[in-house]
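Descriptive analysis of the structure
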Amino acid sequence: MAIEQTLILIKPDGLFRRLTGLTIDRLDSTGLEMVGAKMVSVSEDLAREHYKSLSDKPFFPNLIRYIRGEFHGLKDSRILALVYRGEGAIAKVRLIAGATNPEQAAPGTIRGSFGRITTAQQFENVIHASSDPVDAKREVELWFKPQEILA
Ligand code: TYD
């Protein structure tokens, strides 16, 4: 299996609900190595660039508001951005993240344990995790400068 890097974002609901430590504990349990970590204030441009492949979806406007912390009143729209590295990192993190829809995410996954769908039908699924090698490369480069990855 290839050595990969994958981007994880602990989203505003994860920070607001104080799920940061529990989420990192799950990520560390994969045996992968954390090689990048920082708080990021998510600008409208960064949010739109990150989710550009979803720009034609009906939930896109609320997705941008969600990732920018507008549903959780977080100062400076902050999220915690992480990079984990190791063999098969992308699939390993996706497996423990669980399905996109928190109601369909398996019990014991991060989204299955901590995610929810609000009464406004917004998925609040705690983390973003890169879905494939092309996305992972693009996303790690979007959120981190090369010198911020200590691999
Ligand atoms: P997507 O990239 O399809 O899923 P994933 O995060 O598992 O890679 O969607 C990005 C985010 O958009 C997802 O984490 C939550 C939100 N979303 C909705 O709010 N409603 C939806 O129906 C879908 C598919 C996604």
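How each quantity is defined
Residues numbered from 1 in each chain as written. Predicted model: local features only at pLDDT ≥ 70, side-chain atom pairs only at ≥ 80, totals over all residues. Heavy atoms only, no water. Pairing = 2+ DSSP bridges. Helix = DSSP H or I, 4+ residues; strand = E, 2+ residues; numbered from the N terminus. Axes fitted to C-alpha atoms, helices over the stretch in contact; angles between N-to-C directions. Phe/Tyr/Trp six-rings, centres within 6.5 Å; stacked < 30°, edge-to-face > 60°. Lys NZ or Arg CZ within 6 Å of the ring centre and 35° of its normal. Buried < 20%, exposed > 50% of the residue type's maximum accessible area, 1.4 Å probe, protein only. Contact = heavy atoms within 4.5 Å. Near = heavy atom within 4 Å. Polar contact = N/O pair within 3.5 Å; in protein donor to acceptor, adjacent residues only side chain to side chain. Nonpolar A, V, L, I, M, F, W, Y, C, P; charged D, E, K, R; others polar. Core = buried A, V, L, I, M, F, W, Y, C linked by side-chain atoms within 4.5 Å.

Before going further, it helps to examine the sheet that holds strand β6 (residues 127-129). With respect to topology, 4 strands assemble into an open sheet ordered β2-β3-β1-β6, the strand pairing being antiparallel. For this open sheet the edge positions go to β2 (33-41) and β6, each flanked by a neighbour on one side alone. Strand-to-strand twist across the sheet, computed as the mean angle between neighbouring axes with direction ignored, equals 20 degrees. Relative to strand β3 (residues 78-87), β2 is paired through 8 bridges, and the arrangement is antiparallel.

Turning our attention to the packing of aromatic side chains. Using the criterion set out here, one finds 0 aromatic pairs in the structure. The side chain of K38 reaches across the aromatic face of F144, ending 4.9 Å from its centre.

The next subject is the pairing of strand β1 (residues 3-10). Most of β1 sits out of view: 6 of its 8 residues are buried. With 8 bridges joining them, β1 and β3 adopt antiparallel strand pairing. Bridge pairing in β3 links T6 to Y84. Inspection of the sheet shows β1 paired to β6 by 3 bridges, in the antiparallel sense.

Glycine aside, negative phi is the norm for most residues, and most peptide bonds take the trans geometry. In this model, S77 sits at a positive phi of 50 degrees, which is unusual for a non-glycine residue. Locating S77 in the fold gives a position in the loop between α4 (60-67) and β3. Judged by its relative accessible area of 13%, S77 is buried. A positive phi angle is found at V126, which is not glycine, with a value near 70 degrees.

Along the chain, T109 falls in the loop between α5 (89-97) and α6 (110-114). Taking relative accessible area as the criterion, T109 reaches 9% and is therefore assigned buried.

Among the structural elements, F60 can be located in helix α4. The class of F60 is buried, set by a relative accessible area of 6%. In this structure, the C-alpha to C-alpha distance between F60 and R48, residues 12 residues apart in sequence, is 9.0 Å. Setting aside residues no more than four positions away along its own chain, F60 makes contact with R48, Y51, L54 and S55.

Right, let's talk about the site of the ligand for a bit. In the region of the ligand, the neighbouring residues are K11, Y51, L54, F59, L63, R94, T100, R111, Q122, F123 and N125. Measuring from an oxygen atom of the ligand, one finds a side-chain N or O atom of R94 at 2.9 Å. N125 places a side-chain nitrogen or oxygen 2.8 Å from an oxygen atom of the ligand. The residue makeup of the shell around the ligand, split by class, is 5 nonpolar, 3 polar and 3 charged.

The next subject is the nonpolar core. One finds L7, L9, I79, A81, V83, W143 and F144 to be the most contacted residues of the largest nonpolar core, which totals 20 residues. Elements with a contribution of two residues or more to this core: β1, β2, α3 (44-50), α4, β3 and α7 (133-143). Looking at this core, the element that brings in the most residues is α4, giving 5 residues. Not counting residues within four places of it along the chain, the set of residues in contact with L7 comprises H50, L82, V83, H128, A129, S130, E139, V140, W143 and F144. Counting residues in each nonpolar core, the second largest holds 19 residues, with L15, I24, A89 and V93 among its members.

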